[in-house]
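Topology and contacts: notes
Here is how the chains run, residue by residue.
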Amino acid sequence: MRSKLFRGDSSERLTLLFAGWGMDDAPFAPFPKRFDTWVVWDYADLRTGLPDVPRDRPVDLVAWSMGVWAATQVLDRAALATATAVNGTPWPIDETRGIPPTLFDATLAGLSEAGLARFRRRMCGAAGLAGFLAHAPTRDVEDLRRELTALGEGIRARPERPFAWTRAVACEGDRIFPLAAQRAAFPEALVRPGAHWAPEIFEALLGGRAP
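Residues numbered from 1 in each chain as written. Predicted model: local features only at pLDDT ≥ 70, side-chain atom pairs only at ≥ 80, totals over all residues. Heavy atoms only, no water.

1. Concerning the state of the cysteines
- This model, assessed by the stated rule, comprises 0 disulfides.
- The closest cysteine sulfur to the non-disulfide-bonded Cys-124 is located on Cys-171, 12 Å from its own sulfur.
- Relative accessible area serves as the criterion here: at 0%, Cys-171 is assigned to the buried category. (Disulfide = S-S within 2.5 Å. Buried < 20%, exposed > 50% of the residue type's maximum accessible area, 1.4 Å probe, protein only.)

Below, the structure is given as structure tokens:
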């Protein structure tokens, strides 16, 4: 894993943001941050790179997409004040509670520059694509293939870990984690408009507001 700390307006709390597959810190840099924020990405190796979770102040987890699963694998829930899942589930490769296995495997098999462009269009929707691309991750396709391969192997091999989520937020227009799958995983999920890439939700959560 890799991570970067952004200083916020206050150090009273810490936000720990687990990003999705294919990300780095760049897409999250423009959002105003009320509290210090660690952005974590790249789940090719879950054994390294996790920032130390401080014990001297409350820590709020925001996990998005594949970051929902990754967070459950590496974090001690007891060390967190709150945990919010956004457009992801703890079962990311699953027929009913995540991405269908055939679709996940097809995404990996077809990964290329053109395939990545198609994925990002589905991820962002027409309204959000330009904004995302203005701050797109700088990782290359081979790096993303390495991460996605490791995710596929890890998700299928690792057992589920108990994790008490404070809340989950699911977007109606999500074309990566279908709304029905998110509702199956989180029956009490807050449903909001938007696509899988959800800047309005990130802006609220990083700003210390309810989504």
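2. Considering the packing of aromatic side chains
- For the coordinates displayed, the defined rule picks out 14 aromatic pairs.
- Here the aromatic rings of Trp-21 and Phe-119 are separated by 5.0 Å at their centres, their planes lie at 80°, and the arrangement is edge-to-face. You can see Trp-21 sitting in the loop between strand S2 (10-18) and strand S3 (35-41) and its partner Phe-119 sitting in helix H3 (residues 113-133), a full 98 residues away along the chain.
- On the basis of an interplanar angle of 45° and a centroid distance of 6.2 Å, the ring pair of Phe-31 and Trp-197 is categorised as tilted. On the criterion of sequence distance, the pair formed by Phe-31 in the loop between S2 and S3 and Trp-197 in the loop between strand S7 (190-192) and helix H6 (199-206) is long-range, its members being 166 residues apart. (Phe/Tyr/Trp six-rings, centres within 6.5 Å; stacked < 30°, edge-to-face > 60°. Helix = DSSP H or I, 4+ residues; strand = E, 2+ residues; numbered from the N terminus.)

3. Notes on unusual backbone geometry
- Phi is positive for Ser-65, close to 60°, though the residue is something other than glycine.
- Relative to the helices and strands, Ser-65 is located in the loop between strand S4 (59-64) and helix H1 (66-74).
- By relative accessible area, which is 6% here, Ser-65 ends up buried.
- The backbone of Asn-87 shows a phi angle near 50°, a positive value even though the residue is not glycine.
- Assignment of secondary structure puts Asn-87 in the loop between strand S5 (82-86) and helix H2 (101-109).
- For Asn-87, a relative accessible area of 0% corresponds to the buried category.

4. Structural notes on the pairing of strand S6 (residues 167-171)
- Across the 5 residues of S6, 4 count as buried, placing the element largely inside the fold.
- With 3 bridges joining them, S5 and S6 adopt parallel strand pairing. What sits directly across from Thr-84, in S6, is Arg-167.
- Judged from the 3 bridges that link them, S6 and S7 form a sheet pairing that is parallel. Among the inter-strand pairings, Val-169 is bridged to a residue of S7, identified as Leu-190.
- The parallel pair S6 and S7 is bridged by helix H5 (residues 179-185), and the resulting crossover is right-handed. (Pairing = 2+ DSSP bridges. Right-handed = clockwise from strand over helix to strand, strands pointing away.)

5. Notes on the pattern of salt bridges
- Per the counting criterion, the structure on display carries 15 salt bridges.
- The partner of Arg-7 in a salt bridge is Asp-36, and the shortest N-O contact between them spans 3.0 Å. Residue Arg-7 is located in the loop between strand S1 (2-6) and S2, and its partner Asp-36 is located in strand S3; the two are separated by 29 residues in the primary sequence.
- You can call Arg-7 exposed: its relative accessible area is 61%.
- Between Asp-143 and Arg-146 there is a salt bridge, and its shortest N-O distance comes to 2.2 Å. Linking Asp-143 with Arg-146, this pair stays in helix H4 (residues 141-157), spanning 3 residues, or about one helical turn.
- Put simply, Arg-2, Asp-42, Arg-139, Asp-143, Arg-146 and Glu-147 are held in one network by salt bridges that share partners. (Salt bridge = Lys/Arg side-chain N within 4 Å of Asp/Glu carboxyl O.)

6. Regarding the sheet that holds S2
- Taken together, 7 strands build an open sheet; the order of strands is S1-S3-S2-S4-S5-S6-S7 and the sheet is mixed. Across the chains shown, the open sheet's two edge strands, defined by having one partner strand only, are S1 and S7. The mean angle between the axes of side-by-side strands here comes to 20°, regardless of whether they run parallel or antiparallel.
- Note that S2 and S4 share 5 bridges and pair parallel. Along S4, the bridge assignment pairs Leu-17 with Val-62.
- Against the sheet, H1 engages S2, S4 and S5, with an angle of about 135° to S4. (Axes fitted to C-alpha atoms, helices over the stretch in contact; angles between N-to-C directions. Contact = heavy atoms within 4.5 Å.)

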